[in-house]
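Secondary and tertiary structure notes
One letter stands for each residue in the lines below.
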Amino acid sequence: MESTLVAVDQYIADHLGETREDLKRLARIPSVSARGGEPMAAAADLVADLLTAAGFDARIIPSDGFPMVYGDSGGKAARTIICYNHYDVQPPEPLDLWVTPPFEPAERDGRLYARGISDDKGQLVSRIAAMRAVRAVMGGFPVRVKFIVEGEEEVGSRSLPAFIAAHADLLAADACVWETGGVDSAGRPLLTLGKRGVLCVELRARTLDRDAHSGQAHNLPNAAWHLLRALATIKDEHERIQIPGFYDDAHPPAAEARALLERMPSDEAFARAHFGVGEFVNGHTGQAYKEAVYAPTANIAGLTAGWQGPGSKTVIPAEATAKLDFRLVPDQDPADILAKLRGHLDAQGFADIDLTQLGGADHADTTPPDDPFVALTARTAEEVYGLPAVLVPLIGGSGPGYPFRTILKTPIVSLGTSDPYTAIHSPNESVSLAQFERGTRHMAHLLLAYGEAGADAH
């Protein structure tokens, strides 16, 4: 086994140049799911080509939204891993904050910059590179490997749950490697076991047929003020969400999760420096800072009303909009929260404000920390990084893991190429080329170990 690992690692190192070119080709495609269009099909086609070149039977399967790309190594192995990834990316704006154009990959100081270069195209290409290395060294795969790569993760994976339900036999697996993962600020590998749920909505207030002169503000109602008053009813100054029944199904971390949080190294000092934070929400520090991830949130992601250009324009906005996301904890149902939000707005006198769900909605999902696949992923992480893996019971972000856990019944672990400087969803998104190589090696080591571990590995 040791000689095989060495040979696989060497193959990965020797082929980093061509792997990097594969990543650049994919990153040049502006596959922004919020906008759609031809780039989505182009990205799906290239993903299928990359999987085919790595030895997979790859095909594009239509869905209710953008196409799914499915890859299967085939064979009759006793165990099957499925890798979940996505080829869509976030919008690149604001463009003026990018040092180089977002869809023209650029290398600077050991990092590669482009929109989606980390989330999630870098992770995907890294996984494919790991598969290519294992196949080249061993002449095949030690376990059966499947890929499901979607194009709607950044807009809520609207089509994925129904697709999984309809294709459960095709996607059947014993374990799942999730789309993203990497290391913390000290270089320790992070293994994420759970993700919060999410509900994204838009509120729209309209008080006039058209914008009006602000000299009439004594009589004409302002949509921006109306919307702000509605928003102010959703959360108090202590971050407590005021929607009746919102916390009915929200629970604090169980003893097992709390113990993992206590053992986790804190990134509090790093976050203060990296984001320039004077004080965290509600003064969180120490254990409270770690456990805050189990508190659901209501976040205003964007506000639009009236004149936004340079200088002044004395108008009364006829319309105002706000985009919000609610991050939800295990047992909270996004559909239930949406209904409760509508009821709350109506009860507060804002029945005239339109409420629209944006994209899909995810339930929270968690994998037990004592699952054998978690232990195997942690062991192979320490092989690659030389540091013990950190088990993270729940992260603040979200993803469509719920149907994998409930329909496919797979444990889910995250590993990969990210680090705290990747700036996903922000301008100048990047990936460290050194971490890209380490994440690729970890995926390859896990694949080999899973093939050797026997039936007790799942």
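Look up: the structure comes first, before these words.
Summary of the structure given here. Note that the structure is a prediction, hence the values are computed from the model and not measured.

Details of a nonpolar patch on the surface
A contiguous nonpolar surface patch, about 400 Å² in accessible area, is contributed by Trp-225, Leu-228, Ile-300 and Leu-303. Residue assignment for the nonpolar patch shows that the elements contributing at least two residues are helix H7 (223-232) and strand E12 (297-305). With respect to the helices and strands, Trp-225 occurs in helix H7.

With respect to the packing of aromatic side chains
Between two aromatic rings, the relevant description is the distance of the centres plus the angle of the planes. This structure, assessed with the given rule, holds ten aromatic pairs. Their ring planes at 80 degrees and their centres at 5.1 Å tell us that Phe-246 and Tyr-247 sit as a pair that is edge-to-face. Of the residues examined, Phe-246 reaches a relative accessible area of 1% and is grouped as buried. On the numbers, 5.5 Å between centres and 85 degrees between planes, the contact of Phe-270 with Tyr-421 is edge-to-face. One end of the pair, Phe-270, is in helix H9 (residues 268-275); the other, Tyr-421, is in the loop between strand E19 (412-413) and strand E20 (430-432), and 151 residues separate them in sequence. In this structure an aromatic cluster arises from ring pairing among Phe-56, Phe-141 and Phe-147. The residue whose ring lies beneath Arg-240 is Tyr-247, and the NZ or CZ to ring-centre distance is 3.6 Å.

A word on the nonpolar core
Residues Tyr-87, Met-131 and Phe-147 are the most contacted members of the largest nonpolar core, which totals 61 residues. If you tally residues by element for this core, the top one is helix H14 (residues 433-453), at nine residues. If we skip the residues at most four places from it in the chain, Phe-147 touches Leu-51, Phe-56, Val-69, Tyr-70, Gly-71, Cys-83, Asn-85, Leu-124, Arg-127, Ile-128 and Met-131. Among the nonpolar cores identified, the runner-up in size contains 25 residues, and Val-201, Leu-231, Ala-298 and Leu-355 belong to it.

Points about the sheet that holds strand E4 (residues 106-108)
The strands that make up a sheet are held in pairs by hydrogen bonds between backbone atoms, and each pair lies either parallel or antiparallel. Reading across from one edge, E4-E5-E20 is the order of the three strands in this open sheet, with antiparallel pairing throughout. Of all strands in the sheet, those bounded by a partner on one side alone are E4 and E20. The average angle at which neighbouring strand axes cross in this sheet is 25 degrees, direction not considered. Alignment of E4 against strand E5 (residues 111-113), held across three bridges, turns out to be antiparallel. Looking at E5, one finds that Ala-106 is bridged to Tyr-113.

Re the environment of Met-68
Within the secondary structure, Met-68 is located in strand E2 (residues 68-72). Among the residues examined, Met-68 registers a relative accessible area of 0% and is labelled buried. Sequence separation between Met-68 and Glu-152 is 84 residues; the distance between their C-alpha atoms is 9.2 Å. Apart from residues no more than four positions distant in its own chain, Met-68 is found in contact with Arg-59, Ile-60, Ile-61, Ser-63, Ile-148, Val-149, Glu-150, Ser-159, Leu-160 and Phe-163.

Describing the packing of helix H2 (residues 16-27) against helix H4 (residues 121-138)
Where H2 meets H4, the axes come as close as 10 Å, and the angle between the chain directions of the two elements is 145 degrees. Of the two possible hands of crossing, H2 and H4 adopt the one that is right-handed. Within the contact between the two elements, H2 uses Glu-18, Thr-19, Asp-22, Leu-23, Leu-26 and Ala-27 and H4 uses Lys-121, Gly-122, Leu-124, Val-125, Ala-129 and Arg-132. Along the lines of polarity and charge, the residues of the contact of H2 with H4 split into six nonpolar, two polar and four charged.

Overview of the side chain of Thr-321
Here Thr-321 lies in strand E14 (residues 319-328). A relative accessible area of 11% places Thr-321 in the buried class. Beyond its immediate sequence surroundings of up to four residues, Thr-321 is in contact with Glu-202, Leu-203, Arg-204, Leu-227, Gly-302, Leu-303 and Thr-304.

Considering the pattern of salt bridges
Counted according to the given criterion, the structure contains 24 salt bridges. A salt bridge links Glu-383 to Arg-379, with the shortest nitrogen-to-oxygen separation between them at 3.0 Å. With a gap of four residues between them, Glu-383 and Arg-379 both fall in helix H12 (residues 372-385), about one helical turn apart. Residue classification places Glu-383 among the partly exposed residues on the basis of a relative accessible area of 36%. Several salt bridges share partner residues, and in doing so they unite Glu-202, Arg-204, Arg-206, Glu-319 and Lys-323 into one network.

A few points about the pairing of strand E10 (residues 194-206)
Where burial is concerned, most of E10 is hidden: ten out of the 13 residues are buried. Of the pairings in the sheet, the one linking E10 to strand E16 (residues 365-366) comprises two bridges and is antiparallel in character. Across the sheet, the residue bridging to Lys-195 is Asp-365, located in E16. In this sheet, E14 lies alongside E10 in antiparallel orientation, the contact comprising ten bridges. Paired with Val-201 across the bridge in E14 is Leu-324.

What to know about H12
Taking 1.5 Å as the rise per residue, H12 with 14 residues should run 20 Å; its terminal C-alpha atoms sit 20 Å apart, in good agreement. Of the residues making up H12, those classed as buried are Phe-373, Val-374, Leu-376, Thr-377, Ala-378, Thr-380, Ala-381, Val-384 and Tyr-385. The residue sitting at the N-terminus of H12 and contributing the capping side-chain oxygen is Asp-371; that oxygen lies 2.8 Å from the backbone nitrogen of Phe-373. Within two residues after H12, Gly-386 carries a phi angle of roughly 70 degrees, on the positive side.

Remarks on the environment of Ile-424
Structurally, Ile-424 can be placed in the loop between E19 and E20. When the C-alpha atoms of Ile-424 and Ser-118 are compared, they prove to be 6.8 Å apart, with 306 residues separating the residues in sequence. Not counting residues up to four positions away in its chain, the partners in contact with Ile-424 are Ser-118, Asp-119 and Glu-429.

Structural notes on the packing of H12 against H14
The interhelical angle for the contact between H12 and H14, taken along N-to-C directions, is 135 degrees, at an axis separation of 9 Å. Considering the angle they form, H12 stands oblique to H14. For the element pair H12 and H14, the recorded crossing hand is right-handed. Contact residues: Phe-373, Leu-376, Thr-377, Arg-379, Thr-380, Ala-381, Glu-383, Val-384 and Tyr-385 in H12; Gln-435, Arg-438, Gly-439, Arg-441, His-442, His-445, Leu-446, Ala-449, Tyr-450 and Ala-453 in H14. Each residue belonging to the contact of H12 with H14 can be placed in one class, and the counts come to nine nonpolar, six polar and four charged.

Parameters at a glance
- Every chain is numbered on its own, with residues counted from 1 as its sequence reads.
- A pLDDT threshold of at least 70 governs which residues receive local features in this predicted model, and a stricter bar of 80 or more applies before side-chain atom pairs are shown or counted, although totals over entire chains, interfaces and linings include all residues.
- Excluded from the side-chain calculations are hydrogens and water; all other atoms, namely the structure's heavy atoms, are used.
- Residues forming no salt bridge and having over 30% relative accessible area are the ones grouped into patches, like charges within 9 Å of each other and nonpolar side chains (Val, Leu, Ile, Met, Phe, Trp, Tyr) within 5 Å.
- Only the protein chains shown count as cover for residues, and the accessible areas themselves come from Shrake-Rupley with a 1.4 Å probe.
- A carboxyl oxygen of Asp or Glu within 4 Å of a side-chain nitrogen of Lys or Arg is what we treat as a salt bridge.
- Numbering of helices and strands runs from the N terminus, with a helix taken as a DSSP run of H or I at least four residues long and a strand as a DSSP run of E at least two residues long.
- Aromatic contacts are taken between Phe, Tyr and Trp rings whose centres are within 6.5 Å, Trp giving its six-membered ring; a plane angle under 30 degrees counts as stacked, one over 60 as edge-to-face, and the others as tilted.
- Only protein chains enter the accessibility calculation, which uses a 1.4 Å probe. A residue is then buried if its area is under 20% of the maximum for its type, exposed if over 50%, and partly exposed in between.
- Note on geometry: a ring has a charge over it if NZ (lysine) or CZ (arginine) is within 6 Å of the ring centre and within 35 degrees of the ring normal.
- For this analysis, a nonpolar core means a set of buried residues of the types Ala, Val, Leu, Ile, Met, Phe, Trp, Tyr and Cys, connected via side-chain atoms within 4.5 Å.
- Residues are treated as being in contact if the distance between any of their heavy atoms lies within 4.5 Å.
- Two strands qualify as a pair provided DSSP detects at least 2 bridges between them.
- Between N-to-C directions, angles cover 0 to 180 degrees, with each direction set by a line fitted to C-alpha atoms, over the stretch in contact for helices.
- Two helices cross in a left-handed way if the nearer one is turned anticlockwise from the farther one by less than a right angle. They cross in a right-handed way if the turn is clockwise.
- Residues are grouped as follows: Ala, Val, Leu, Ile, Met, Phe, Trp, Tyr, Cys and Pro are nonpolar; Asp, Glu, Lys and Arg are charged; all remaining types, including Gly, are polar.
- The span expected for a helix works out to 1.5 Å for each residue beyond the first.
- Polar contacts, as used here, are pairs of N or O atoms within 3.5 Å; protein pairs need one atom able to donate a hydrogen and one able to accept it. Residues neighboring in sequence count only if both atoms are side-chain atoms.
- Here the word oblique covers every angle except those under 35 degrees (roughly parallel), over 145 (roughly antiparallel) and from 65 to 115 (roughly perpendicular).

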